Amino acid sequence: MGAAQGLYFDDYSPIGDILVIAVCAVMIILVAASYVNNTRTFRMFLSMVILLTLGAVSDLIYHDAYVHITDGNYTFVYVGRVFYHVFLFSVLYVMILYIAELQRLEIKIKVPVILLSSIILIIVLIRDIVTTANGTGFKIDKNGDAITNDNMFLIGYFSFISISILLMIIYRERLFKRVMVGFYGTMAMSFLVLYNQARHGQSSLTAATFLFPMLAMLYFIHSTPYDVELGAIDAKALNNMVKYNYERKSPLIFMSLYLPEYDAEGKTIPKEMRAIIRKFASSMFNGAVLFQINNGHVMLMAKKNYNPDYENRINKIINAFYVEYEKFQVDYKIVMGQSIDEISRKCEYISFINNVHRNMEINTIHEIDYDDITEFNKYEYILEELGDIYRTRDLRDSRVMAYCQPVFNIKEQKYDTAEALMRLKLPEIGMVYPDQFIPLAEEHGYIHVLTEIILQKTCDEIRHLLSEGYEVKRISINVSVPELREENFIDDIEKIIKESGIPENKVAIEITESQTESDFLIMKKTIDALKDKGVKFYLDDFGTGYSNMERIMEIPFDIIKFDRSLVLACGTSEKSEKMVGSLANMFSNMDYSVLYEGVENELDEKRCTNMSASYLQGYKYSRPIPIIELNKFFTKINSK
């Protein structure tokens with residue numbers, strides 16, 4: 001290498017590139033050590049980190065190569081510099097794709113942006129390579145001095161940055177304001193560093209300036225729970241806010257908005273509604289923080305001290321909500337109130353409000369009171385007892401009470417079947433009815449153990465009745481569709497019936513129709529397996545919600561159970577009665593038995609009997625009774 005070195009290399013320090021490599025390595029360690037959703041934007045972010053690392057390594061290599069060249073052949077330096085620019089331009093290109101993805105640009109907007117960025121990338125890279133190769137751009141003269149006649153790097157850099165800034169300005173409403181401020185601030189810092197570096201003839205910190213917006217991405221998007229469109233923080237952060245303010249005796253106010261339509265896997269609140277929620281959250285309360293509890297549930301919390309006029313603010317937001325509701329007509333539940341020490345101490349606001357939702361009518365607004373706390377404490381106690389029942393797995397657990405409702409056999413004119421029902425009898429609160437604990441058991445995965453218990457107690461009673469000489473055609477138990485996904489469901493049912501020593505055909509299972517293809521296939525497999533053993537099956541709640549006749553025909557049910565709503569409908573019009581009667585007649589002709597539930601008077605009885613009924617069930621015959629009292633309805637085989 002010549003003794004004289006150009007300023008391009010003299011003023012270079014490896015510290016900037018070493019810092020870039022180190023920070024990129026730290027970012028990779030952080031995302032690897034934390035939970036990060038493997039989304040498209042995250043993969044883009046990770047590719048930017050890797051490309052920037054490679055760029056910094058290339059910069060180190062080609063500067064180091066220059067220092068150690070002694071024969072005047074600078075080919076390796078040229079190649080290294082080209083790779084350095086390729087990696088940095090690639091970072092800028094991916095950054096534009098990242099911003100477009102983050103803003104969820106429509107295809108008609110995204111395609112031109114990507115096309116323009118691709119053209120710029122190709123042009124700057126080709127021109128950089130060509131001008132370097134023919135000596136009209138960057139070159140090293142015979143004295144070892146670097147000369148730059150055509151600085152394509154700055155042209156390409158400002159072209160990409162201009163597109164990025166334009167996207168964030170034009171579509172700024174698609175990102176949360178604080179996220180935008182973070183991006184603008186880090187980009188401004190990048191420009192400031194580049195400007196001062198250029199003033200001093202430096203190039204050591206060029207790669208380092210790429211780090212600043214990437215750190216903003218990591219902080220706002222990938223390592224923090226911000227929803228950039230909604231401006232909401234992940235629900236996990238809610239507990240931190242509650243705990244912090246509770247410890248400092250700082251009261252909070254909150255509003256919860258639940259949209260049931262969007263509370264399902266794969267669904268999200270539409271962007272138009274998200275924009276309105278974001279607007280409410282940022283403008284209606286001072287210092288408010290919005291939390292996203294799940295897909296269709298958001299909660300706003302703010303310090304009461306910052307909002308002394310919070311009641312007026314709440315009225316304002318509700319009035320504004322009604323205006324928007326007229327546009328969208330989406331079902332909702334709104335809960336509002338002040339923080340409660342008992343709930344704050346245990347950081348249970350999510351469970352608390354979810355419990356309030358269970359007891360609310362749709363499209364209503366509820367202000368929290370102490371009755372809600374009492375109800376929540378009851379809920380918590382029931383859930384705790386269900387958990388203990390699940391863990392204990394005592395199939396004759398005294399807390400689970402076996403009740404039943406006798407079913408009248410029209411042909412035989414007697415009671416020889418029944419439906420088993422569950423109740424809980426808990427030490428502190430007494431009797432608990434199914435609508436209070438079945439949804440909890442299903443939600444928390446406790447339902448199958450309850451089914452095993454009621455099956456065991458039903459089998460015990462069938463065995464007792466048979467031993468006493470009573471005629472028992474069958475007793476049915478209810479099974480929920482989610483239970484069928486239990487790996488050992490079939491084995492568990494078979495084992496209990498077999499060990500009870502009763503014929504399998506004395507037990508029936510009532511099940512509602514599945515709504516998904518996967519559940520349908522599981523249901524069919526389960527029914528086929530247990531029917532081979534003699535177990536009978538009822539299609540429960542026919543006439544409510546979803547009914548697919550083709551699927552019903554594919555599954556070998558024994559009895560179709562017409563819901564109470566159809567019995568009521570028959571009494572409203574002749575047309576409804578003809579329709580229900582035709583359905584019942586069709587099933588009867590296909591060798592299904594038809595059971596009507598909810599028969600409450602003689603008129604219901606007469607109407608259902610004339611509509612191909614085989615069995616009748618309802619308050620006309622009996623309310624639910626303890627299963628041990630079934631002998632009051634069943635008859636002995638030899639009795640006259």
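Quantities reported herein were computed from a predicted structural model and do not represent experimental measurements.

Peer 1: Just give me the short version of the overall build of the chain, but keep the residues and values in it.
Peer 2: Per the secondary structure count, the chain includes 23 helices and 18 strands. The C-alpha radius of gyration of the chain comes to 35 Å, more than 25% above the 26 Å expected for a compact globule of 640 residues. Across its three principal axes, the chain shows a C-alpha extent of roughly 125 × 60 × 50 Å. Looking at the chain as a whole, 50% of its 640 residues qualify as buried. Pairs at least 24 residues apart make up 72% of the contacts formed inside the chain by residues separated by at least 6 positions. For the chain, the computed accessible surface area is about 31100 Å², with 54% contributed by carbon and sulfur atoms. Averaging the positions of the 66 positive and the 82 negative side-chain charges in the chain gives two centres separated by 2 Å.

Peer 1: Explain unusual backbone geometry residue by residue, including any values.
Peer 2: For Arg-104, which is not a glycine, the phi torsion comes out positive at approximately 50°. Take Arg-104: it is sitting in the loop between helix 4 (75-102) and helix 5 (107-134). With phi around 60°, Asp-541 is a residue other than glycine that occupies positive phi space. The topology assignment puts Asp-541 in strand 14 (residues 536-542). A residue is classified by how much of its surface remains accessible, and Asp-541, at 25% relative accessible area, is partly exposed.

Peer 1: Explain the sheet that holds strand 4 (residues 252-258) to me, using residue names and the numbers behind them.
Peer 2: As summarised here, the arrangement of the 6 strands in space is 3-5-6-4-7-8, forming an open sheet in which the pairing is mixed. Strands at the two margins of the open sheet, each flanked by one partner only, are strand 3 (232-234) and strand 8 (364-367). Direction aside, the axes of adjacent strands within the sheet are offset by 25° on average. Pairing analysis gives 7 bridges linking strand 4 to strand 6 (residues 297-303), with the strands arranged antiparallel. Paired with Leu-252 across the two strands is Lys-303, which belongs to strand 6. Together, strand 4, strand 5 (289-294) and strand 6 form the strand contacts of helix 11 (residues 271-283), whose direction differs from that of strand 5 by roughly 140°. Contacts between helix 12 (residues 310-328) and the sheet are confined to strand 4, strand 7 (333-338) and strand 8, with strand 4 contributing the most and set at about 15° to the helix.

Peer 1: For the pairing of strand 16 (residues 593-597), give the residues involved together with the corresponding values.
Peer 2: The buried fraction of strand 16 amounts to 4 of the 5 residues, a majority that puts the element mostly inside the structure. Where strand 15 (residues 559-562) and strand 16 come together, 4 bridges link them in parallel fashion. Following the sheet pairing, Ile-559 is matched in strand 16 by Ser-593. As paired strands, strand 16 and strand 17 (residues 615-617) are joined by 3 bridges and run parallel to one another.

Peer 1: Lay out the nonpolar core with the relevant residues and their values.
Peer 2: One finds Met-301, Phe-557, Phe-562 and Tyr-596 to be the most contacted residues of the largest nonpolar core, which totals 103 residues. With 9 residues, the top contributor of residues to this core is helix 17 (residues 447-467). Filtering out sequence-adjacent residues up to four positions away, Met-301 remains in contact with Leu-238, Met-241, Val-242, Leu-252, Ile-253, Phe-254, Gly-287, Ala-288, Val-289, Phe-291 and Tyr-349.

Peer 1: Break down the packing of helix 17 against helix 18 (residues 489-500) for me, with residues and values.
Peer 2: The interhelical angle for the contact between helix 17 and helix 18, taken along N-to-C directions, is 20°, at an axis separation of 9 Å. The angle between the axes of helix 17 and helix 18 places the two elements in the roughly parallel class. The chirality of how helix 17 crosses helix 18 is right-handed. Contacts between helix 17 and helix 18 pair His-448, Glu-452, Leu-455, Gln-456, Cys-459 and Arg-463 from the former with Phe-489, Asp-492, Ile-493, Ile-496, Ile-497 and Ser-500 from the latter. Looking at side-chain class alone, the contact of helix 17 with helix 18 contains 6 nonpolar, 3 polar and 3 charged residues.

Peer 1: Describe in detail a negative patch on the surface, supporting the description with residues and values.
Peer 2: A surface patch of negative charge is lined by Glu-311, Glu-367, Asp-369, Asp-371 and Glu-375. Within the secondary structure, Glu-375 is located in helix 15 (residues 370-392).

Peer 1: Give a detailed account of the side chain of His-448, specifying residues and quantitative values.
Peer 2: Structurally, His-448 is set in helix 17. Here the side chain of His-448 touches Asp-492 through a polar contact of 2.8 Å, side chain to side chain. Setting aside anything within four residues of it in sequence, one finds His-448 in contact with Glu-483, Glu-486, Phe-489 and Asp-492.

Peer 1: Could you give an account of the packing of aromatic side chains, naming the residues involved and the relevant values?
Peer 2: Applying the stated criterion across every chain, the model contains 23 aromatic pairs. Ring centres of Phe-408 and Tyr-621 lie 5.6 Å apart, and the angle between their planes is 10°; on these two criteria the pair is classed as stacked. Linking Phe-408 in strand 9 (residues 400-409) with Tyr-621 in the loop between strand 17 and strand 18 (625-626), this pair joins segments that are 213 residues apart in sequence. Its relative accessible area of 11% is what places Phe-408 among the buried residues. For the pair Tyr-415 and Phe-633, a centre-to-centre distance of 5.3 Å together with 85° between the ring planes defines the contact as edge-to-face. Of this pair, Tyr-415 sits in strand 10 (residues 414-426) while Phe-633 sits in the segment after strand 18, placing them 218 residues apart in sequence. What makes Tyr-415 buried here is its relative accessible area of 17%. Three or more aromatic residues joined by ring pairs make a cluster, and in this case those are Phe-542, Phe-562, Phe-587, Tyr-592 and Tyr-596. Between Arg-248 and the ring centre of Tyr-244, over which it is positioned, the NZ or CZ distance is 3.7 Å. Across the ring face of Tyr-403, the terminal group of Arg-423 is positioned such that the distance to the ring centre comes to 5.1 Å.

Peer 1: Can you lay out the pairing of strand 4 for me, pointing to particular residues and giving the numbers?
Peer 2: Across the 7 residues that make up strand 4, a large majority, 7, are buried. In strand 4, alternate side chains face the same way, and those of Leu-252, Phe-254, Ser-256 and Tyr-258 on one face and Ile-253, Met-255 and Leu-257 on the other are all buried. For strand 4 and strand 7, the ladder comprises 6 bridges, and the chain directions are antiparallel. Within strand 7, the residue paired with Phe-254 across the bridge is Gly-337.

Peer 1: Can you lay out the confidence of the model for the chain for me, pointing to particular residues and giving the numbers?
Peer 2: Detailed reading of the predicted coordinates is not advisable wherever pLDDT falls low. On average, the chain scores 86 in pLDDT, and the residues at 70 or more come to 94%. Counting interchain partners and residues more than four positions distant, the pLDDT-below-50 stretch residues 1-7 has 19 contacts.

Peer 1: Please provide a residue-by-residue account of the pattern of salt bridges, values included.
Peer 2: Overall, the coordinates contain 27 salt bridges when judged by the stated rule. A salt bridge links Arg-399 to Asp-397; its shortest N-O distance comes to 2.9 Å. Neither residue differs from the other here; Arg-399 and Asp-397 are each classed as buried. Between Lys-561 and Glu-510 there is a salt bridge; the shortest N-O distance is 2.9 Å. Of this pair, Lys-561 sits in strand 15 while Glu-510 sits in strand 13 (residues 507-512); the two residues are 51 residues apart in sequence, bridging distant segments of the chain. Its relative accessible area of 0% is what places Lys-561 among the buried residues. Owing to a relative accessible area of 1%, Glu-510 belongs among the buried residues under this scheme. Because the salt bridges share partners, they merge into one network encompassing Glu-385, Asp-388, Asp-397 and Arg-399.

Analysis parameters
- Residues numbered from 1 in each chain as written.
- Predicted model: local features only at pLDDT ≥ 70, side-chain atom pairs only at ≥ 80, totals over all residues.
- Heavy atoms only, no water.
- Helix = DSSP H or I, 4+ residues; strand = E, 2+ residues; numbered from the N terminus.
- Rg over C-alpha atoms; globule rule 2.2 N^0.38 Å.
- Buried < 20%, exposed > 50% of the residue type's maximum accessible area, 1.4 Å probe, protein only.
- Contact = heavy atoms within 4.5 Å.
- Areas by Shrake-Rupley, 256 points an atom, 1.4 Å probe, with all protein chains shown as cover.
- Lys, Arg positive; Asp, Glu negative; His and termini not counted.
- Charge placed at Lys NZ, Arg CZ, Asp CG, Glu CD.
- Pairing = 2+ DSSP bridges.
- Axes fitted to C-alpha atoms, helices over the stretch in contact; angles between N-to-C directions.
- Core = buried A, V, L, I, M, F, W, Y, C linked by side-chain atoms within 4.5 Å.
- Parallel < 35°, antiparallel > 145°, perpendicular 65-115°, else oblique.
- Left-handed = near helix turned anticlockwise from the far one by under 90°.
- Nonpolar A, V, L, I, M, F, W, Y, C, P; charged D, E, K, R; others polar.
- Patch = residues over 30% accessible without salt bridge, like charges linked within 9 Å, V, L, I, M, F, W, Y side chains within 5 Å.
- Salt bridge = Lys/Arg side-chain N within 4 Å of Asp/Glu carboxyl O.
- Polar contact = N/O pair within 3.5 Å; in protein donor to acceptor, adjacent residues only side chain to side chain.
- Phe/Tyr/Trp six-rings, centres within 6.5 Å; stacked < 30°, edge-to-face > 60°.
- Lys NZ or Arg CZ within 6 Å of the ring centre and 35° of its normal.
- pLDDT = per-residue confidence, 0-100.

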